[in-house]
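# Architecture and fold: a report
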Amino acid sequence: MTEQSKTFLYEYLNNASPTGFEASGQQIWLDYLKPYIDETIIDVYGTAVGVINPGQPYKVVIEAHADEISWFVNYIDDNGYIFVRRNGGSDAVIAPSMRCNLHTKKGVVKGVFGYPAIHVRDLGKDKAPTVNDIFIDLGAANKKEVEEMGVHVGTVVTFEDGLTELNERYYVGRALDNRVGGFMIAEVARLLKENNIQLPYTLYVVNAVQEEIGLRGAEMIVRRLKPDVAIVTDVTHDTQSPMYNKKEQGDLKCGKGPVICYGPAVQNNLRDFIIDVANEKEIAIQRQAVSRSTGTDTDSFAYATEGVASALISLPLKYMHTTVETVHKDDVQAVINLIYASLLALKGNEDWRYIK
């Protein structure tokens, strides 16, 4: 990682890009990517694509998603307290006592998720907070004052926490799921350019929107690009910390390398190709099995058209959908290295069919 790429990582991760409102983050991503690509494609909902070596008959995608979980203002009571609903898989359990940002046309308005003090709660009847329990306090005296700040029903809300480092080994913050993926594919593009690699195919570097509410951005862009190959990167659960069941969730650990996914949406020949590359380059990998779907944009690339050979390289992550999502620096670099090496190994004429 260069100083420039580290600066990009912090700027990109600390910016808010809620599902459906990803444009500011996409602009940061495109500004960084611009020196390393030949063309851009931007669709009407904000998915951003950097194109390398355009016009070739064989087309390859590397992809991450740009959006983060958030909240919508759903109701403002007469006393100025704000009640919310989810935008993506936001966790009401972690919300109380969190600082938050409300994104208005007038700019960011600061707030806090309040909660009754322990002194006044009946601890014998205590329960985990639900979406209907949590509320935001802007320090406003009434509903009118909230509205004068530019806050209204539909205003989007994100937690405030930014990117930090832990024990010089980990990146910690909100929205590593999956803007760290956008960072990694951008770094692959940088390496291709700086190493003067001439690919024998067109490469689309795709940062898709709206993954958190059903893989929607990927579903749209795959129909437009119609690639032959898609290598998707997203995060998956580190299962080492307390309260995980390895018999159910597998045995995955931060610091032990990228996770290769096995499941129906993953094209077996492409997956094995990536594993062979990892073995050749001595990149340690882990394996994960999924059931009906991967739960990532891999599913949209595999199924949204006539079928695209798709594979998933996951980054192990602790504490998903919290403000302290945690990834190991070595894993971040290893995912970059594996995607880069896989692209170099592709000849641009592969036939991935099981039966020929």
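Refer to the structure printed above.
Attention here is on the structure that accompanies the text. Residue positions are given per chain, counted from 1 along the sequence in the order it is written. Confidence filtering applies because this is a predicted model: local features only for residues at pLDDT of at least 70, side-chain atom pairs given and counted only at 80 or more, and all residues used for totals across whole chains, interfaces and linings. Hydrogens and water molecules were not included; the side-chain quantities draw on all heavy atoms of the structure.

## Let's talk about the environment of Tyr170
Among the structural elements, Tyr170 can be located in strand β11 (residues 170–173). Each residue's exposure class comes from its accessible area (1.4 Å probe, protein chains only) as a fraction of the maximum for that residue type: buried when under 20%, exposed when over 50%, partly exposed otherwise. By relative accessible area, Tyr170 is classed as buried at 15%. In what follows, a contact means two residues having at least one pair of non-hydrogen atoms within 4.5 Å. Setting aside chain neighbours within four positions, we find Tyr170 in contact with Thr164, Glu165, Cys254, Lys318, Thr326, Val327, His328 and Lys329. Only DSSP runs of H or I reaching four residues or more are called helices, and only runs of E reaching two or more are called strands; each is numbered from the N terminus.

## As for the sheet that holds β11
Note on pairing: two strands pair once DSSP finds at least 2 bridges between them. If you trace the three strands from one edge of the open sheet to the other, you get β10-β11-β17, paired in antiparallel fashion. The open sheet has two free edges, formed respectively by β10 (164–166) and β17 (325–328), since each of these has just one partner strand. Each neighbouring strand pair of the sheet contributes to a mean axis angle of 30°, computed without reference to strand direction. Both β11 and β17 contribute to a ladder of four bridges, which runs antiparallel. Each bridged residue has a counterpart across the sheet, and for Gly173 the counterpart in β17 is Glu325. With axes taken as lines fitted to C-alpha atoms, and helix axes fitted only over the stretch in contact, angles between N-to-C directions fall between 0 and 180 degrees.

## Digging into the packing of helix α2 (residues 23–33) against helix α4 (residues 176–194)
Think of two packed helices as two axes; the pair is described by the angle between the axes and how far apart they sit. α4 packs onto α2 with a crossing angle of 15° between their chain directions and a minimal axis gap of 10 Å. Our classification of the angle between α2 and α4 gives roughly parallel. Of the two elements, α2 crosses α4, and the hand of that crossing is right-handed. Within the contact between the two elements, α2 uses Trp29, Tyr32 and Leu33 and α4 uses Gly182, Ile185, Ala186, Glu187, Ala189 and Arg190. Under the convention adopted here, Pro, Cys and the residues Ala, Val, Leu, Ile, Met, Phe, Trp and Tyr are nonpolar, Asp, Glu, Lys and Arg are charged, and Gly plus all remaining residues are polar. For the contact of α2 with α4, the residue count by class is six nonpolar, one polar and two charged. Put simply, angles under 35 degrees are roughly parallel, angles over 145 are roughly antiparallel, angles from 65 to 115 are roughly perpendicular, and the rest are oblique. For any pair of crossing helices, the crossing counts as left-handed if the nearer helix is rotated counterclockwise from the farther one by less than a right angle, and right-handed if it is rotated clockwise.

## Points about the pattern of salt bridges
Every case where a carboxyl oxygen of Asp or Glu lies within 4 Å of a side-chain nitrogen of Lys or Arg is listed as a salt bridge. Counted by the stated rule, this structure contains 14 salt bridges. In this structure, Arg179 engages Glu68 in a salt bridge whose closest nitrogen and oxygen atoms are separated by 3.2 Å. Of this pair, Arg179 sits in helix α4 while Glu68 sits in the loop between β3 (59–65) and β4 (70–76), and the two are 111 residues apart along the sequence. Glu68 shares its class with Arg179; the two are buried. Measuring nitrogen to oxygen at the nearest pair gives 2.7 Å for the salt bridge that ties Glu160 to Lys110.

## A short note on the sheet that holds strand β15 (residues 286–289)
Across the sheet, eight strands lie side by side as β1-β2-β12-β3-β13-β16-β14-β15; this open sheet has mixed pairing. The open sheet is flanked by β1 (39–42) and β15, the only strands paired with a single partner. Averaged over neighbouring strand pairs, the angle between their axes works out to 25° when direction is ignored. Bridge count for strand β14 (residues 259–262) against strand β16 (residues 309–317) is two bridges, and the pairing is antiparallel. When the sheet's bridge partners are listed, Ile260 is paired in β16 with Ile313. Against the sheet, helix α5 (residues 216–225) makes contact with β1, β2 (48–52), β3 and β12 (202–208), and its axis sits at roughly 160° relative to β12, the strand it touches most. Across the sheet, helix α9 (residues 329–345) lies against β3, β12, β13 (229–237), β14 and β16, angled at about 165° from β16, the strand it touches most.

## Looking at the side chain of Thr233
In this structure, Thr233 sits in strand β13. Classification of Thr233 as buried rests on a relative accessible area of 1%. Of the polar contacts made by the side chain of Thr233, one reaches the backbone oxygen of Ile313; its length is 2.8 Å. Whenever two N or O atoms come within 3.5 Å, that pair is a polar contact, provided that in protein one can donate a hydrogen and the other can accept it, and provided that, for residues adjacent in sequence, both atoms are side-chain atoms.

## Comments concerning α5
Residues of α5 that are buried include every one of Gly217, Ala218, Ile221, Val222 and Leu225, and no others. Taken down its axis, α5 places every buried residue within 120° of arc, on the same side. Its buried side turned inward, α5 meets β1, β2, β3, β12 and α8 (298–303). To obtain the arc, one takes the directions from the helix axis to the C-beta atoms.

## Description of unusual backbone geometry
With an omega of 0°, the peptide bond between Asp177 and Asn178 qualifies as cis. Tracing the backbone shows Asn178 in helix α4. Phi is positive for Ser97, close to 80°, though the residue is something other than glycine. Along the chain, Ser97 falls in the loop between β5 (82–87) and β6 (99–104). On the basis of relative accessible area, Ser97 is assigned to the exposed category, the value being 65%.

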